[in-house]
Amino acid sequence: MKAVAFAWFIAVTSAVFALPSFAQSVPASSKAIELRGKAVVVHYHRDSGLMDISWNDGHSITGLASGAVLEDGKTVSSTAYSSHVLDAGQKTSTVPGTRVYAVKSTAPGLPNLIQRIWVYDKVSAIAVQAELQAKTGSVGTRHFDAVVLKGSGSLRIEGKDLRILHVPFDNDMWFRYNSVAVAEMKPGQLFSGNEATAIYDNTTRQALLLGSIVHDKWKTAIEAHAADGELTDLDIYGGITSPTGVRTDTHDTVPHGIVRGAHVTSPRIFIGSFADWREGLEAYGEANAAIQPPLKWASGAPIGWNSWAAYADKISDKRYLDTAAFVRDKLVPEGFGDNRVVYVNLDAFWWKLDPIQLAESVSIIRGMKNAQGMHFEPGIYWAPFVYHLDDLDAYVEGTGMKYRYRDIILKAPDGSMMPKVDGLWPVDPTHPGAKARIKYFFEQMHRLDFNYIKIDFLAHGALEGAHYDPAIQTGIEAYNAGMKQVVAEAGPKMFLSLSIAPLFPSGYGHARRLACDTKGHIAGREQSTEYMLNSLTYGWWSSKNLYITDPDHVVLGSKADLGARTVDEGKSRLLSTVISGGMILDSSQLADDPEGQALAKDVYNNRAWMKIAAEGKTFLPVEGNTGDQGANVFYRPTLHGAYVAIFNFDEKKKQKVSVSLARIDEKLAPAGSVSVVDVASGTALEPAKGELSVSLEPAASTLLELRWK
């Protein structure tokens with residue numbers, strides 16, 4: 001679907017476009033301003049300050065307003081202005097494939113309100129962003145509404161299984177995506193989400209997609225209400241906040257920062273209509289990438305081993321080197337790595353190795369080779385925006401004893417230190433001591449020639465507070481500043497793997513964890529294969545658009561942290577990484593645990609799966625009606641048909657899973673039968689007729705190839 005929905009991006013070679021023939025506006029004397037794009041029409045009503053959006057497929061949004069709560073508590077809305085004029089001078093856009101217009105609203109006693117509308121050329125979408133312009137001095141707000149809809153009928157999308165998607169702010173504390181059934185929402189119940197949502201019917205798959213595509217200042221909130229199975233209100237605004245002391249998705253305990261200036265802009269919201277909600281989310285990902293491109297990594301998704309779940313604080317140089325030797329001698333010959341680079345990564349507590357042990361271990365790893373010429377690389381870990389200890393009088397590394405840690409801890413508006421999150425002190429990314437510390441640690445990593453680093457607890461850098469740099473007004477601004485420095489210090493040769501991190505802004509890491517702290521058990525609200533697959537079910541679209549999707553560690557053996565206990569459970573965990581795009585990092589006790597070693601040899605002895613993983617392509621969910629659970633059926637189109645991955649999340653009972661062939665691909669609806677091959681063994685199974693059915697042992701999974709071409 002990516003290739004179809006956004007092939008136009010590939011053809012774009014310039015960021016500035018002349019007026020396209022599809023875009024029109026009516027004369028300024030008319031009561032409405034009309035803008036046209038691909039299958040979409042925008043009517044801006046000059047008498048009311050409201051905007052209607054309608055698509056050729058029958059979907060519509062009626063009565064869209066923009067507004068803000070000003071710093072002094074006054075509320076402004078586009079509906080309160082007496083004059084709304086199309087700015088005819090707006091001719092070009094810096095966003096490829098779009099045309100931008102501006103409607104200026106003015107009224108006595110109010111700051112000017114500009115609503116900019118980007119009309120997409122090749123996709124049925126627009127984008128909306130509001131701007132406040134102070135007539136004198138400055139204007140400020142911590143709550144800026146880009147899209148406000150009120151009342152029944154404001155969103156029109158037909159369906160019997162209407163859902164609205166909750167997207168988590170980050171991947172910490174085992175937050176989950178949630179496909180909420182609108183029919184089950186009670187009157188007065190608040191739906192809330194972060195940055196983006198899809199409103200869709202799972203049966204027909206038709207969807208409206210709305211989400212922020214600029215992430216420079218705001219944490220974008222999405223709130224909605226419903227009644228009688230219909231969404232009645234929707235508010236998308238910059239300034240996620242919470243009562244002091246109440247933890248939210250963002251982990252903030254103070255209000256969102258106030259954004260002040262002569263000009264203040266809201267989040268920019270992508271709004272599109274799609275025949276398939278999955279196409280819509282991929283188009284949304286592409287729209288983000290067009291503005292903030294992802295970091296590119298030419299070598300593909302990494303594969304290797306990480307020390308965390310295996311040994312945590314019990315890591316030693318011997319265990320590190322013995323693990324590397326086991327991977328080289330026992331796993332690589334069976335296909336682990338597919339003759340690519342294999343990374344052998346130290347996680348937290350690498351400082352248990354003294355400087356000599358660390359330097360010697362790194363040198364030995366880098367010198368390893370196998371008969372096929374496989375190359376081995378050491379990896380390392382660090383967390384730039386947190387402080388692990390409680391000695392706040394300790395000097396900050398790299399500052400020449402100029403700063404102590406109490407200086408660089410993020411401050412609250414009253415000057416006190418912000419509280420710990422996840423048991424760790426948040427560091428202010430804008431403080432000169434924090435900047436010197438980042439520079440110092442990356443210099444040490446480069447001195448040892450590490451080319452892979454897992455950087456952790458990054459969401460701490462996005463917390464709201466009073467930042468050292470007075471130009472930084474919000475947590476997201478601070479995060480952008482800190483991550484720009486991280487990328488610059490890391491340089492182009494180091495692979496940046498983001499662990500605990502906000503979903504947005506992207507562009508600061510090659511990979512990001514889909515779900516953090518996933519181990520080897522098949523089921524469980526936290527740390528399980530099913531938990532990770534919940535994030536793949538509703539977050540697969542971040543693959544390549546934003547990051548290489550990292551499904552976290554494969555953990556085998558009961559001595560490791562929540563390691564898989566059987567071969568079937570271990571294979572299911574491996575398959576979950578294969579279908580997530582092929583980034584595979586084992587974290588089993590391969591140095592000295594016979595059970596973990598035996599499971600590793602049985603689980604990774606699968607060249608067919610490894611070959612598919614090496615292609616680096618992410619699978620899509622077949623269904624999107626699983627609530628806050630992971631889907632159990634995923635697919636990926638091929639030249640001749642499709643791969644289908646099926647999971648049994650029950651660790652105690654066998655399960656028969658059946659799925660309609662037409663749901664996998666609508667072209668299969670009239671098919672008499674479809675050939676089915678077990679990918680692992682290459683065995684031809686009984687052809688499927690109408691539906692695909694498999695019986696799975698407890699905690700087991702399978703990868704099948706359907707061929708109909």
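From a predicted model like this one, the values you see are computed outputs, not experimental measurements. (Residues numbered from 1 in each chain as written. Predicted model: local features only at pLDDT ≥ 70, side-chain atom pairs only at ≥ 80, totals over all residues. Heavy atoms only, no water.)

### Digging into the overall build of the protein chain
When helices and strands are tallied, the protein chain shows 14 helices and 40 strands. For 709 residues, the compact-globule estimate of 2.2 N^0.38 gives 27 Å, and the protein chain sits close to it at 26 Å. Across its three principal directions, the C-alpha atoms of the protein chain cover 80 × 75 × 50 Å. The 709 residues of the protein chain split such that 60% are buried. Expressed as a percentage of contacts within the protein chain between residues at least 6 apart in sequence, the contacts between residues at least 24 apart total 71%. Of the roughly 26,200 Å² of accessible surface on the protein chain, 52% is carried by carbon and sulfur atoms. For the protein chain, the separation between the mean place of its 71 positive charges and that of its 79 negative charges on side chains is 4 Å. (Helix = DSSP H or I, 4+ residues; strand = E, 2+ residues; numbered from the N terminus. Rg over C-alpha atoms; globule rule 2.2 N^0.38 Å. Buried < 20%, exposed > 50% of the residue type's maximum accessible area, 1.4 Å probe, protein only. Contact = heavy atoms within 4.5 Å. Areas by Shrake-Rupley, 256 points an atom, 1.4 Å probe, with all protein chains shown as cover. Lys, Arg positive; Asp, Glu negative; His and termini not counted. Charge placed at Lys NZ, Arg CZ, Asp CG, Glu CD.)

### Section: empty space enclosed by the protein
In this approach the atoms are scanned with a rolling probe the size of a water molecule, which exposes any empty space left behind. Evaluation of the coordinates by the stated rule reveals three cavities of 30 Å³ or more. Forming the boundary of the largest cavity are Pro168, Asp170, Asn171, Phe175, Tyr177, Leu503, Arg512, Leu514, Ala515, Tyr531 and Ser535. Its residues assigned to classes, the lining of the largest cavity comprises seven nonpolar, two polar and two charged. (1 Å grid on protein atoms, 1.4 Å probe; cavity = no way out; pocket = protein on both sides within 12 Å on 5 of 7 lines; lining within 4 Å. Points joined across faces, edges and corners; volume = space filled by probe spheres on them. Nonpolar A, V, L, I, M, F, W, Y, C, P; charged D, E, K, R; others polar.)

### Let's talk about the pairing of strand 12 (residues 162-166)
With five of its five residues buried, strand 12 lies for the most part within the structure. Residues Leu162, Ile164 and His166 of strand 12 are buried on one face, and the alternating residues Arg163 and Leu165, pointing to the opposite face, are buried as well. By the bridge criterion, four bridges tie strand 12 to strand 13 (residues 178-181) in an arrangement that is antiparallel. Each residue of the ladder has a partner; that of Ile164, found in strand 13, is Val180. (Pairing = 2+ DSSP bridges.)

### Details of the nonpolar core
One finds Phe270, Ile584, Tyr604, Ile664 and Leu692 to be the most contacted residues of the largest nonpolar core, which totals 143 residues. Those residues within four positions of Ile584 in sequence are excluded, and the remaining contacts are Pro302, Ile303, Gly304, Phe336, Val554, Leu574, Thr577, Val578, Tyr604, Met610 and Ala613. Among the nonpolar cores identified, the runner-up in size contains 39 residues, and Ile33, Val40, Ile126 and Met185 belong to it. (Core = buried A, V, L, I, M, F, W, Y, C linked by side-chain atoms within 4.5 Å.)

### Side note on the environment of Gly563
Along the chain, the position of Gly563 falls in the loop between strand 31 (553-554) and helix 11 (567-578). The exposure class assigned to Gly563 is buried, which follows from its relative accessible area of 3%. Spatially, the C-alpha atoms of Gly563 and Gly520 are 4.4 Å apart, while their sequence positions differ by 43 residues. Sequence-distant contacts of Gly563, that is, excluding residues within four places in its chain, are made with Gly520, His521, Val555, Leu556 and Gly557.

### Notes on the sheet that holds strand 38 (residues 684-688)
Pairing is antiparallel in the open sheet, where six strands are placed in the order 33-34-35-40-37-38. Here the strands that pair on one side only, and so sit at the sheet edges, are strand 33 (620-621) and strand 38. The sheet contact formed by strand 37 (residues 674-678) and strand 38 spans three bridges and is antiparallel. For Val674, the partnering residue across the bridge sits in strand 38 and is Ala688.

### So, the pattern of salt bridges
With the rule as written, the count across this model stands at 31 salt bridges. Close ionic contact of Glu377 with Arg366 constitutes a salt bridge, the shortest N to O distance being 3.4 Å. Separated by eleven residues along the polypeptide, Glu377 in strand 24 (residues 376-382) and Arg366 in helix 6 (residues 355-367) bring together distant segments of the chain. You can call Glu377 buried: its relative accessible area is 10%. Look at the salt bridges and you will find they share partners, linking Lys219, Asp252 and Glu464 into a network. (Salt bridge = Lys/Arg side-chain N within 4 Å of Asp/Glu carboxyl O.)

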